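Okay, here's what each chain looks like letter by letter:
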Amino acid sequence: MHQAVLDKIGLNHTYGALLINSNQDLELFFDMLKISSVKGVNVTVPYKESVIKYLDTLDHSAQNCQAVNTIVNNNGHLTGYNTDGRGLVYSLQQDVGVDLLNKHVLILGAGGAAKGIAYELCNHNLSSLTILNRTKEKADTLQYGLESHYKLPIYTGSLTIDESTIEWERLHSADIIIQTTSIGLMGTPGSPLSNVSWARSSQLVVDIIYKPYATQFLMDCSNLGLKTVNGVGMLAGQGALAFELFTDYEADYLLMRDIVEKTAKDVI
Ligand code: ATR
């Protein structure tokens, strides 16, 4: 998607993938990066946190969640950003016209992806944010960090739900539910929640997984008539924001989205 926009604008740059197999190789990579003409780097699992020690500056987006997905190289001075959360919000605004003002938003999961999304969501005047995670302590730690920066009500809970639990009630009353756990990724079976009895047809459900195109969770919600969104837009959105940091040119979100969408629809 990056190369497509570079080519469209006519910028003489190349975007490519690099597989780094060990932390030792990661260190060598940064030694090289600093003396290279490489403009920027995207980082993915499992290095989003471990790259931080090689960077000179962290933008507040990366500082807050202590995870980096974008690095800009300014003559050897490396700045880390996190465009994941902003990419998701951007895509929801562009693709489904979401307005986050006064919304009750609920996140499933409290891992790296959830962190970036949670910090960004708190910039949008929500009514409340709820974080449910299998390991509730991780949701509590994220809540603690968020509360030191933001004033909105933040609730946490586990993924064990039945109609008598507060978690079920929070799911039922949420306007937007964002699934960030790895369940369903690359076709792994299962769903983060044992049932969808909490669902209401006016709810928007987002699953940040883009491959498969629709997870079991998203299909269960869609079958009940809820509006659903997969992770294609978030991937394109984070990429578009990274592109603009790398090049100072406006990205073409729709072109990037189109390319991601085609890839996501390919059979696994
Ligand atoms: P990522 O960077 O993709 O978010 P991660 O930081 O490893 O990856 O986080 C994975 C998330 O998926 C976590 O919220 C994890 O829950 P725990 O904190 O309890 O580990 C969640 N997850 C992964 N496998 C799960 C499963 N089988 N059931 C429930 N949650 C699961």
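Just above sits the structure.
Residues numbered from 1 in each chain as written. Predicted model: local features only at pLDDT ≥ 70, side-chain atom pairs only at ≥ 80, totals over all residues. Heavy atoms only, no water.

Draft legend 1. Representation of the overall build of the protein. Broken down by element type, the protein carries ten helices and ten strands. C-alpha extents for the protein along the principal axes are approximately 60 × 40 × 35 Å. Burial status across the protein gives 49% buried among its 268 residues. Relative to all contacts within the protein whose residues are 6 or more apart in sequence, the contacts with residues 24 or more apart total 64%. Just so you have it, the protein exposes about 13,300 Å², and 51% of that area is on carbon and sulfur atoms. Separation of charge centres in the protein, based on 19 positive and 28 negative side chains, amounts to 1 Å. (Helix = DSSP H or I, 4+ residues; strand = E, 2+ residues; numbered from the N terminus. Buried < 20%, exposed > 50% of the residue type's maximum accessible area, 1.4 Å probe, protein only. Contact = heavy atoms within 4.5 Å. Areas by Shrake-Rupley, 256 points an atom, 1.4 Å probe, with all protein chains shown as cover. Lys, Arg positive; Asp, Glu negative; His and termini not counted. Charge placed at Lys NZ, Arg CZ, Asp CG, Glu CD.)

Draft legend 2. Spatial organisation of the pattern of salt bridges. On inspection of all chains with the given rule, the structure shows eight salt bridges. For D84, the salt bridge is made with K48, and the minimal N-O distance between the two is 2.9 Å. Highlighted residues: D84 in helix α4 (residues 84–96) and K48 in the loop between β1 (40–42) and β2 (57–58), separated in sequence by 36 residues. By relative accessible area, which is 9% here, D84 ends up buried. Residue class for K48 comes out partly exposed when judged on its relative accessible area of 22%. Residues K265 and E261 are paired through a salt bridge, measuring 3.7 Å at the closest nitrogen-oxygen approach. Of this pair, K265 and E261 both sit in helix α10 (residues 253–265), four residues apart, which is roughly one turn of that helix. Residue classification places K265 among the exposed positions, given a relative accessible area of 53%. (Salt bridge = Lys/Arg side-chain N within 4 Å of Asp/Glu carboxyl O.)

Draft legend 3. The arrangement of the packing of α4 against helix α5 (residues 112–121) in detail. Relative to each other, α4 and α5 sit at 60°, their axes nearing to 7 Å. The chirality of how α4 crosses α5 is right-handed. Between α4 and α5, the contacting residues are G85, R86, L88 and V89 on the first element and G116, I117, E120 and L121 on the second. In terms of residue class, the contact of α4 with α5 is made up of four nonpolar, two polar and two charged. (Axes fitted to C-alpha atoms, helices over the stretch in contact; angles between N-to-C directions. Left-handed = near helix turned anticlockwise from the far one by under 90°. Nonpolar A, V, L, I, M, F, W, Y, C, P; charged D, E, K, R; others polar.)

Draft legend 4. The arrangement of the packing of helix α9 (residues 232–247) against α10 in detail. Contact geometry for α9 and α10: axes closest at 9 Å, N-to-C directions at 140°. Between α9 and α10, the interaxial angle falls into the category oblique. Considering how the two elements wind past one another, α9 and α10 form a crossing that is right-handed. Along the contact surface, α9 presents V232, G233, L235, A236, G237, G239, A240 and F243, while α10 presents Y253, M256, R257, V260, E261 and A264. A breakdown of the residues in the contact of α9 with α10 according to their chemical character gives nine nonpolar, three polar and two charged. (Parallel < 35°, antiparallel > 145°, perpendicular 65-115°, else oblique.)

Draft legend 5. Looking closely at helix α8 (residues 216–223). Taken together, the buried positions of α8 are occupied by F217, L218 and C221. Buried residues in α8, looked at end-on, bunch into an arc of 95°, giving them a common side. Structurally, α8 contributes buried residues whose contacts are with β5 (104–108), β8 (176–179), β9 (204–207) and β10 (227–229). Looking one or two residues beyond α8, the residue adopting positive phi is G225, at roughly 95°. (Arc of directions from axis to C-beta.)

Draft legend 6. Inspection of unusual backbone geometry at higher detail. Here the amide bond leading from V45 into P46 is cis, since omega sits at 5°, within 30 degrees of zero. By the secondary structure assignment, P46 is in the loop between β1 and β2. Cis geometry marks the peptide bond from K211 to P212; its omega dihedral reads 10°. Topologically, P212 is positioned in the loop between β9 and α8. Even without being glycine, N125 reaches a positive phi, approximately 50°. Looking at the element boundaries, N125 is found in the loop between α5 and β6 (128–132). Owing to a relative accessible area of 54%, N125 belongs among the exposed residues under this scheme.

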